[in-house]
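# Residue-level structural notes
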Amino acid sequence: MKKIVLVVLVIALLSLGGMTLAQDGPFRVAIVMPSSTTDISWSQSIYQGLLDVQEAMGGESAMEIAFTEGMFDVAAAAETLRGYAEDGYDLIIAHGTQYGTSLFDIAPDFPDTSFAWGTATDTGAEQGLSNIFAYEASAEEGGYVNGVMAALMTKNNIIGVVGPVQAGDALLYINGFIQGVKATNPDAELLVAYTGSFSDVAAGTDVANTHIAAGADVLTGTSQMVVGAIEAIQTEGGYWFGTQFDQSPQWPDAVVASQVYNWAPTLADMITRIQSGELGGVAYTLTLENEGQTFVFGNVAIPANVLAAAGEAAAGILSGDIEVARELPQ
Amino acid sequence: MESSRTLLDILIAASGLTLAAATPFLFAALGELFAQRSGVLNLGVEGIMLMGAFTSVFVISDKGFNAHPAVGLLVAMLVGALMGLMMAFVSVTLQAEQGISGIGLTLFGQGMSTLLFRVLAAGVIVAGGVEKIDLPVLSNLPVLGSIFFHQDILTYAAFALVPISVWVLNRTTWGLQVRAVGQNPQAADSMGVNVARVRYSAVILGGVLAGVAGASLSMALTGVFQENMTAGRGFIAVALVYFGGWSPWKVMAGALLFSAANNLQIWVQVLDVRVAGAAIPPNLLIMLPYVLTIVVLIFARERQRREPAALTKPFERGEN
Amino acid sequence: MMPPTTTLPSGHTRIETAALQGISKRFPGVLANDHVNFDVNAGEIHALLGENGAGKSTLMKILYGLYQPDEGEITLNGEVARFHSPADSLTAGIGMIHQHFMLVPTLTVTENVALGIRSGGPLLNLKQVRKRLIALSDAYGLKIDPDVYVWQLSVGEQQRVEIVKALYQGGALIILDEPTAVLTPQEVDELFVTLRQMRDEGHSLIFISHKLYEVQDLSDRITVMRDGRVVDTIANHGVEQRTLARMMVGRDVQFQPDRPPVTVGEVKLAVRSLCAQNDRDLLALKEVSLEIRAGEVLGIAGVSGNGQRELAECIAGLRPATGGEVILNGHSILSLSVQERLQSGLSFVPEERNRHGTIGSFSVAENAILQNNDAPQFLNGPFYNFEAIRRYTVDLIQKFNIKTPGHETLLKNLSGGNVQKLILARELSRQPVLLIAAQPTRGVDIGASEYIRGVLMQQRSSGVAILLISEDLDEIMALSDRIAVMYEGEVVGVVDRDDADVETLGLMMAGAQRA
């Protein structure tokens, strides 16, 4: 029996890679995220934002970043969040809606520590909490612009959407995208299918291949599982519209445009407020207007009329002429 | 919103996609079948697949050695063999509890592939992958040609492996020994069969095929590697062995059924099939292959009678 | 006796002399073989006689390469041989037919035989194996269908496969470990014909048994072992069973327990049209009807696997009945739980005492109160009264002559006979109306068997109804008042003990006759 326990222990220890990094610095930020800092989507985007702020503030001596990634397990994430709070970090970010319940348990115990979470709008003000920031992205805005471009670039007039789970900013993005397509090219056929997972790459491939088999030549999708889908559409010679992070370096022939989350302004604002003694109470929204969402283009040659239409759409959203609904009419 | 695709087109496309999607399951499940027929339940398939998936894509990608896909496959087989050897050592030589050892191996594979991925690749690996091969003449057949003969080489290999497995089990000395040590190792031992050697070889073969399964998932099916990309497929492969009652043909039927059900639910989403005008919630559809598998398992009672009698039981001489 | 050639019909060279010299083998806490000398010649049947635990099986496993001796050596035709595994001994021409058959049930007869071939290359040639197998079975009169699966065969047929397998592998020396234990009397006769033929051709045969009359009937020489040592090796000329028994046990043995005349009382157990399924969901009991009266022993005879176990489990409540009725002491008990059945006067000595009757890692005392653990006599409020449990256990130990270092000893450290005595003591201390005793003396040494049989007879005298299930026909004949024979889930006949003869019972057990 001892033998068995030993073997299991050794194997279990081997499998726990060092996942927590910590450095010294005056302003200390800690973040817990569901996927990895290299997922070229949700988690990598905010990590990149933190790195940008760090550079602007003067490097590691001015700001410390500690992160724990791959926290699919919400209970484990809660322990990690509490651990960071006990270690005295100035700002602790729970980068996922699923961590909300835990965060609201922990925050009251550390009134001098600032917390942030998203995508969410609840800062806990109703419960009398003043040390929580909330953030969300109006993903439907960027989705709409991507949809406008996709609608003009499809040759088959068939566009496929590879969705993870019908929730959160993934759903907002997809809803915006659909509205963009329909407003621009009402004849285009929209194929929508979900994988049921944020991380199952092969499931993303399966959905993408089915879209392609059904005739789609332009695809979009969101979450870290879409890498298989992008590879599939690139192999087919079709186009991809990305979100959350710039995916064109890996797939230069397929990725037309990526709506990228730019977290730096939001994060910088939070830090400024914390340093002036304001520990929470603000709900941020990443929009085109506040440059929380930007567009990155890859190597794919984009016809001038497409770019123009995208510009018009963005301008329309900024001016309020175009109103993008968060939910689709049933 | 009109479309020109016919039901036949859809069926052809769906059939082809199903065969491709079934490939990793088939490799992993056939490998597991050999291990289980020899009396070893290897729950480490998931971990071996992950390691096979990572190593193969890594060596063929520009982050690694830009090697030929055949080299990637070979590396995955080697890694699978090594992890199979680990499983055999722990379960056959140390006689540890097989379920726990297998879970340990899966945890090891998950942790190790993630660690290597971060250290060596630092980000999604795109490999380009294995190209589809049209079999000459056959691929020109109407309907059948585009379903069966427009696949990548690993898919052809996976399906060829089914009759080969049947043949090996029934027509070779080693196959007979595998069946014997899985049912009654005492009897095999008393007949001069080296039980440990047979189990080692079966588990290692299982590891090799799990490695190939991983490679087929990353190199061929998706063309990328991402952390934990097997997403439980190794465990489904183990379930398919039970589902198929330890028979290669029925395991193949199970792999096809599961993949077909999964592809069907995607088509239902893609074509926006509605029931009485209302869309079917995707979450419900995504469960379909799993529900179907459970339903079939409930009705497949024959399975209990064919289970290798010595499955999960370590062999020690003179124990009876 | 000596044929002129040195090659046997099966193709292997004769082993003129095989000798084990000065063999010692130690297991933790036990000296299983203590400087044992044993030899067997070509054309000879050498019987190895001894109680369970005397060291016979260990000695033979050493000869067969399953164990390595700590001391001593094996010589074949005068040359030292070392066997690291059965593969080595098989190559040398030694085969073994184990008490628990070494067959793979899911393989066919031909495949089972082919499993032992080591020179055949990577591809199986089942056609060739099948052909030789048929030739061999014809030559020795061992009727076998080479194409059926072993699980489809009866026990007697399986043994024929074992013998053909040993012959096929070219066994010049064949060890037979308790080969008659599971056979009907007719099958035993057939087996002996085959064994004599093999001897006359020049095979060396070692015949392990504890049945004295079989040893007397078959063997040329007899070696008796006791406590790991050889007591003596004698030629089988006019040896009396009494003498052999004394050599085995070390004292005089009473074979027939006293069976004082008893006046039977009213019906205590009535089983009517009982039906049940076995573990494979196949019908195992087909409309079984029985009655047992107070003071009566009903023996169930039959080859194992014919429904005896299911019958016992069904009555005891361990297996659901699919039809019929069981009436204990006038009350139907089929709807009662096991606990309720025990309370209404049923006691059960199960067939597999280590799996169903006891818990090895519990102490003797804990096992003694296993079924009564919530009885008020053992409790002190919500807690156990350990002093009462100790007194109760020590009392059982003394009354039933259980050999144990103490009541705190773990049960797994007791011998089979003493475990069985403890179970019996526990079951009888509840003063049952009905006692089901399944294989009460299997694997138990002669001394303990003698004692257990005596206890059963005492219970009979005191008016307990006893259902005795045994594969040992001698035991059935010695203890029963009436004998019911089971075959394929049916009671094919019930006969009074005084009218029963072994011949008829054997035919009934084989399904060839009904009464």
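In this text, all values refer to a predicted model and were calculated from it rather than measured experimentally.

Cut-offs applied
Residues numbered from 1 in each chain as written. Chains lettered and ligands numbered in written order. Predicted model: local features only at pLDDT ≥ 70, side-chain atom pairs only at ≥ 80, totals over all residues. Heavy atoms only, no water. Helix = DSSP H or I, 4+ residues; strand = E, 2+ residues; numbered from the N terminus. Buried < 20%, exposed > 50% of the residue type's maximum accessible area, 1.4 Å probe, protein only. Polar contact = N/O pair within 3.5 Å; in protein donor to acceptor, adjacent residues only side chain to side chain. Contact = heavy atoms within 4.5 Å. Expected span 1.5 Å × (residues − 1). Buried area = accessible area lost by both parts, 1.4 Å probe. Salt bridge = Lys/Arg side-chain N within 4 Å of Asp/Glu carboxyl O. Nonpolar A, V, L, I, M, F, W, Y, C, P; charged D, E, K, R; others polar. Pairing = 2+ DSSP bridges. Right-handed = clockwise from strand over helix to strand, strands pointing away. Phe/Tyr/Trp six-rings, centres within 6.5 Å; stacked < 30°, edge-to-face > 60°. Lys NZ or Arg CZ within 6 Å of the ring centre and 35° of its normal. Domains from an automatic or database assignment. Disulfide = S-S within 2.5 Å. Core = buried A, V, L, I, M, F, W, Y, C linked by side-chain atoms within 4.5 Å.

## Side note on the side chain of Asn33(C)
All names here are of chain C. In this fold, Asn33 is placed in strand S2 (residues 30-41). Look at Asn33 and you get buried, because its relative accessible area is 0%. There is a polar contact of 3.3 Å between the side chain of Asn33 and the backbone nitrogen of Leu59. Other than its neighbours up to four places away in sequence, Asn33 contacts Ile23, Ser24, Lys25, Gly55, Thr58, Leu59, Ile62, Met225 and Gly228.

## Considerations on the arrangement of the chains
Contact analysis covers two pairs of chains in contact, and the most contacts occur between chains A and B. In this structure chain A stays clear of chain C, and the shortest span between their C-alpha atoms is 15 Å.

## Quick look at helix H4 (residues 126-139) of chain C
Helix length check: H4(C) (14 residues) gives 20 Å between terminal C-alpha atoms against 20 Å at 1.5 Å per residue, within 8%. Close packing links the buried residues of H4(C) with helix H6 (153-171) of chain B together with helix H3 (109-114) and helix H5 (155-168) of chain C. Gly141(C) lies just past H4(C) and shows a positive phi near 65°.

## Here we look at the interface of chain C and chain B
A common way to report how large an interface is uses the accessible area buried once the components associate. Across the contact, 34 residues belong to chain C and 25 residues belong to chain B. A combined buried area of about 2,300 Å² lies between chain C and chain B, and 59% of that area is made up of carbon and sulfur atoms. Per-residue buried area on chain C facing chain B is highest for Met102(C), Leu115(C) and Leu124(C); these three make up 28% of the total on that side. Inspection of the region where chain C meets chain B yields one salt bridge. Of the charged contacts, one joins Glu111(C) and Arg179(B) as a salt bridge, the two residues approaching to 3.0 Å between their closest N and O atoms. Every element with two or more residues in the side of chain C that touches chain B is listed here: helix H2 (86-91) and H3 of chain C. The biggest single contributor to the side of chain C that touches chain B is H3(C), with four residues. Considered class by class, the residues forming the side of chain C that touches chain B number 18 nonpolar, ten polar and six charged.

## Some thoughts on the pairing of strand S8 (residues 204-209) of chain C
All names here are of chain C. Most of S8 is tucked away: six of the six residues are buried. Side chains Ser204, Ile206 and Ile208 project from S8 onto one buried face, and the interleaved Leu205, Phe207 and Ser209 project onto a second face that is buried too. Relative to S8, strand S3 (residues 44-50) runs parallel, the two being bridged by six bridges. What sits directly across from Leu49, in S8, is Ser209. Looking at chain direction, strand S7 (residues 173-177) and S8 are connected through five bridges and run parallel. Across the sheet, residue Ile175 finds its bridge partner in S8, namely Ile206. In the classification by handedness, the crossover that spans S7, the intervening helix H6 (residues 185-201) and the parallel S8 is right-handed.

## Here we look at the packing of aromatic side chains
If you walk through the whole model with that rule in mind, you get 21 aromatic pairs over all chains. Seen in terms of ring centroids, Phe25(B) and Phe258(B) are 5.3 Å apart; in terms of plane orientation they differ by 80°. Their pairing is edge-to-face. Within this pair, whereas Phe25(B) is found in helix H1 (residues 7-37), its partner Phe258(B) is found in helix H11 (residues 248-270), the two being separated by 233 residues in sequence. Here the aromatic residues Phe54(B), Phe58(B), Phe65(B), Phe117(B) and Phe225(B) are joined through ring pairs into a cluster of three or more. It is Arg132(C) that lies over the ring of Tyr168(C); its NZ or CZ is 4.4 Å from the centre. Over the aromatic face of Tyr451(C) sits the side chain of Lys421(C), whose NZ or CZ is 5.0 Å from the ring centroid.

## A few points about the domain arrangement of chain A
All names here are of chain A. According to the domain assignment, chain A contains domain 1 (2-138 + 261-286) and domain 2 (140-260 + 295-319). A C-alpha centroid distance of 29 Å is found between domain 1 and domain 2. Contacts between domain 1 and domain 2 engage 14 residues on the former and 17 residues on the latter. Taken together, both faces of the contact between domain 1 and domain 2 bury some 1,300 Å²; the carbon and sulfur share is 57%. Where domain 1 packs against domain 2, one counts zero salt bridges.

## Here's the deal with the interface of chain A and chain B
Taken together, the contacts link 43 residues of chain A with 43 residues of chain B. Carbon and sulfur atoms supply 65% of the area buried between chain A and chain B, which totals about 3,600 Å² over both sides. For the interface between chain A and chain B, the tally reads two salt bridges. Residues Arg118(B) and Glu69(A) are paired through a salt bridge, measuring 2.5 Å at the closest nitrogen-oxygen approach. Linking chain A with chain B are five residue pairs in polar contact (both at pLDDT 80 or more).

## A short note on the pairing of strand S7 (residues 189-194) of chain A
Regular strands have side chains that alternate between both faces of the sheet. All names here are of chain A. The element S7 is extensively covered by neighbouring structure, given that five of its six residues are classed as buried. Looking at chain direction, strand S6 (residues 158-163) and S7 are connected through six bridges and run parallel. Within S7, the position partnered with Ile158 by the bridge is Glu189. In this region the chain leaves S6, passes through helix H6 (residues 168-184) and returns to the parallel neighbour S7; the handedness of that crossover is right-handed.

## Description of the state of the cysteines
Counted under the stated rule, the structure contains zero disulfides over all chains. Cysteine Cys314(C) is unpaired, with the sulfur of Cys275(C) as its nearest cysteine sulfur at 9.1 Å.

## Topic: the nonpolar core
Counting 166 residues, the largest nonpolar core has Leu195(C), Leu244(C) and Ile483(C) as its most contacted members. Ranked by the residues each element gives to this core, the list is headed by H1(B), at twelve residues. Each of two domains, domain 1 (257-345 + 433-515) and domain 2 (360-431) of chain C, supplies a minimum of three residues to this core. Apart from the residues within four sequence positions on either side, Leu244(C) is in contact with Leu49(C), Leu212(C), Gln216(C), Ile222(C), Val224(C), Ile234(C) and Val239(C). Ranked by size, the runner-up nonpolar core spans 64 residues in total, among them Val53(A), Ala151(A), Phe241(A) and Trp263(A).

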